[in-house]
Amino acid sequence: MTDAPRLAEHYQQGLRDADVLAQIRSHYPAGPTLHQLAPLDQLHIGGVTATTRLLALLDPALHPRVLDIGAGLGGLMRQGAAQGFQVTGLDITHRFNALNKALSALSEPHSTPLFWITGDATALPFADNTFDALLFQHSLLNMPDAARVFAESHRVLRPGGQLVMHEVVSGPNVDALRYPVPWATEPTHSHLLSQTALTQQLQQSGFTLEHCVDWSDIALEWRERQGNKEQTAQMPILSPQWVFGERFQEMGKNLLFNLKQQAINLVEVKASCYAGGDNN
């Protein structure tokens, strides 16, 4: 099991829940769009573009029931709902779930309903064969027992279901990794697998690997652009600092350093919940 209280404290210590909602109501009285919320709720490397690519690996007609594991503040959920997916978001940090739900209530109407639950990915509170697809976006990196997480993922997916991931993995120079980073202040909560270990664990858990692409160069370019934006004097309406506080200045610099030094890499993965056959 994940050390939930300490992990939640990492994510909650700088979180300004009430201030975030007041800021949104003040600047976006008609409700924020997906892109207006993105600096706050798409905290992963790559932002909206990365989410668009990840969702493009699925088809709402074939994979309507989706579980977002490690949903955070719900940017992926709302973007998926706008494309017609029926998304359930699971996160171990309850205050993230509460703010996620509040953000959804304030934002543009969704074409499909959203659902939220606080829970642990090593003990998913769902029946067998509940979902058509599972999403991981910068969430496995906080999970110390990937084997158990993938076993639970396989259990709740229907036969032929899909698992798609946009994840940080350890790079060839992982010993150079600098903290803090957005997912961990220190190594205690950083559980990076190498790309090879990740794909092997998926296969050992009964998944068939269909797609594995290294996004590291794209990630580095994106982080460089974001870093330049963060140096401007004008304060943005929303930013990661509403979640992480002043810590994010150092976190952002360390992300760029870690990508440049190949201490971390970024991968996109798609795997199916059966061996062989039709890839729907």
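For every chain, the first residue of the written sequence is number 1, and numbering continues from 1 along that sequence. Totals for whole chains, interfaces and linings use all residues, but because this is a predicted model, local features are given only for residues with pLDDT of at least 70 and pairs of side-chain atoms are given and counted only at 80 or more. As a rule here, side-chain values cover all heavy atoms of the structure and leave hydrogens and water aside.

Chemist: Which parts of the structure should I look at to understand the overall build of the protein?
Modeler: Each helix corresponds to a stretch of at least 4 residues labelled H or I by DSSP, and each strand to a stretch of at least 2 residues labelled E; elements are numbered beginning at the N terminus. When helices and strands are tallied, the protein shows 11 helices and 7 strands. The atom set for the radius of gyration is the C-alpha atoms, and the globule formula is 2.2 Å times the number of residues raised to the power 0.38. Computed over its C-alpha atoms, the radius of gyration of the protein comes to 18 Å, within 12% of the 19 Å expected for a compact globule of 280 residues. C-alpha extents for the protein along the principal axes are approximately 55 × 45 × 35 Å. Remark: exposure states derive from per-residue accessible area (1.4 Å probe, protein chains only) relative to the maximum for the residue type, with buried under 20%, exposed over 50%, and partly exposed in between. Relative to its full complement of 280 residues, the protein shows a buried share of 55%. The contact criterion used is simple: two residues touch if any of their non-hydrogen atoms lie within 4.5 Å. Across the protein, every contact between residues at least 6 apart in sequence was considered, and the portion connecting residues at least 24 apart equals 82%. Accessible areas in this description were obtained via Shrake-Rupley with a 1.4 Å probe; residue shielding takes into account the shown protein chains only. Of the accessible surface of the protein, which amounts to about 11,900 Å², a share of 52% is contributed by carbon and sulfur atoms. Positive charges come from Lys and Arg, negative ones from Asp and Glu, while His and the chain ends are left out of the count. Taken as the charge centre is NZ of Lys, CZ of Arg, CG of Asp or CD of Glu, depending on the residue. Side chains of the protein carry 19 positive and 27 negative charges; the gap between the two charge centres is 4 Å.

Chemist: Would you mind showing me how to read a negative patch on the surface here?
Modeler: A surface patch of negative charge is lined by D214, D217, E221 and E224. Among the elements that make up the negative patch, the one with the highest residue count is helix α9 (residues 216–230) (3 residues). Look at E221 and you get partly exposed, because its relative accessible area is 46%. Any residue with relative accessible area above 30% and no salt bridge may belong to a patch, with like charges joined within 9 Å and the nonpolar Val, Leu, Ile, Met, Phe, Trp and Tyr side chains within 5 Å. Within this document, salt bridges are pairs made up of a side-chain nitrogen of Lys or Arg and a carboxyl oxygen of Asp or Glu, the two lying within 4 Å of each other.

Chemist: Hey, could you run me through helix α5 (residues 75–82) in this one?
Modeler: Each turn of an α-helix holds 3.6 residues, which means side chains three or four residues apart point in the same direction. Across the 8 residues that make up α5, a large majority, 7, are buried. Residues G75, L76, M77, R78, Q79, G80 and A81 constitute the buried set of α5. A positive backbone phi angle near 105° is found at G84, which sits one or two residues after α5.

Chemist: Looking at this model, I keep getting lost on the sheet that holds strand β4 (residues 131–137). Mind explaining?
Modeler: What holds strands together in a sheet is hydrogen bonding between their backbones, with the strands either parallel or antiparallel. Taken in spatial order, the 7 strands make up an open sheet running β3-β2-β1-β4-β5-β7-β6, and their pairing is mixed. Here the strands that pair on one side only, and so sit at the sheet edges, are β3 (114–118) and β6 (208–214). Each strand of the sheet is rotated relative to its neighbour by a mean of 15°, with strand direction disregarded. DSSP calls a pair of strands paired once it identifies at least 2 bridges connecting them. Across 4 bridges, strand β1 (residues 65–69) lies against β4 in parallel orientation. By the bridge assignment, V66 is partnered in β4 with A133. In the packing of helix α4 (residues 47–55) onto the sheet, contacts are made with β4, β5 (157–170) and β7 (264–272), and the angle to β4 comes to roughly 150°. Fitted lines through C-alpha atoms serve as axes, helices being fitted only where they are in contact, and the angles separating the N-to-C directions of these axes extend from 0 to 180 degrees.

All we've got here are geometric facts, nothing functional implied.
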